[in-house]
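What follows is the residue order along each chain.
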Amino acid sequence: MTGVQTCALPISDSETRRLAVQSLASYPESRVVYLIASLLDDSDIRVRYAAIAALGVHGGKRATSILQRLTHGKSVFIREKALEALQYCTKSIFQKTAG
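Residues numbered from 1 in each chain as written. Predicted model: local features only at pLDDT ≥ 70, side-chain atom pairs only at ≥ 80, totals over all residues. Heavy atoms only, no water.

## A word on the overall build of the protein
Looking only at helices and strands, the protein features 5 helices and 0 strands. Taking all 99 residues of the protein together, 38% fall into the buried category. Relative to all contacts within the protein whose residues are 6 or more apart in sequence, the contacts with residues 24 or more apart total 60%. A total of about 6,200 Å² of accessible surface is found on the protein, and carbon and sulfur atoms cover 56% of it. (Helix = DSSP H or I, 4+ residues; strand = E, 2+ residues; numbered from the N terminus. Buried < 20%, exposed > 50% of the residue type's maximum accessible area, 1.4 Å probe, protein only. Contact = heavy atoms within 4.5 Å. Areas by Shrake-Rupley, 256 points an atom, 1.4 Å probe, with all protein chains shown as cover.)

## Describing helix 4 (residues 60-70)
Looking at helix 4, one finds that the buried residues are Ala63, Ile66, Leu67 and Leu70. In an axial view of helix 4, the angular spread of the buried residues amounts to 100°, which keeps them on one side of the axis. Facing away from the buried surface of helix 4 by more than 90 degrees, the exposed residues are Lys61 and Arg69. (Arc of directions from axis to C-beta.)

## Quick look at the side chain of Arg18
Position of Arg18 relative to the elements: it lies in helix 1 (residues 14-24). Within the structure, Arg18 has its side chain in polar contact with the side chain of Glu15 (distance 2.5 Å). (Polar contact = N/O pair within 3.5 Å; in protein donor to acceptor, adjacent residues only side chain to side chain.)

## So, the nonpolar core
Formed by 25 residues in total, the largest nonpolar core has its most connected members in Ile36, Leu40, Ile52, Leu55, Leu67 and Leu70. Where this core is concerned, the elements lending two or more residues are helix 1, helix 2 (32-37), helix 3 (45-58), helix 4 and helix 5 (76-98). Counting residues per element, this core draws most heavily on helix 3, at 6 residues. Once residues within four sequence positions are removed from consideration, Leu55 is found in contact with Val33, Ile36, Leu40, Ala63, Ile66, Leu67 and Cys89. (Core = buried A, V, L, I, M, F, W, Y, C linked by side-chain atoms within 4.5 Å.)

Dropping the structure here:
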């Protein structure tokens, strides 16, 4: 994944963007977080929700920081999704350290 920057995915179909962002969550490189985060402003709410979930699955300091900022946003739905993603991050961290 060379060349991943803070640009949005150049895909016109929202379902494809949603599936792509879900796939990005599994990449271990921390720079993927910026690509995922670029979809937080997508025109399709399902893509935005998928990006939030992907940040939770990816985890790490950058993703957690972005999710924490989202918990203070205007939209109650985005705040709730961000809280769910943060809970997933926390649960995953404890599972990794416990076992």
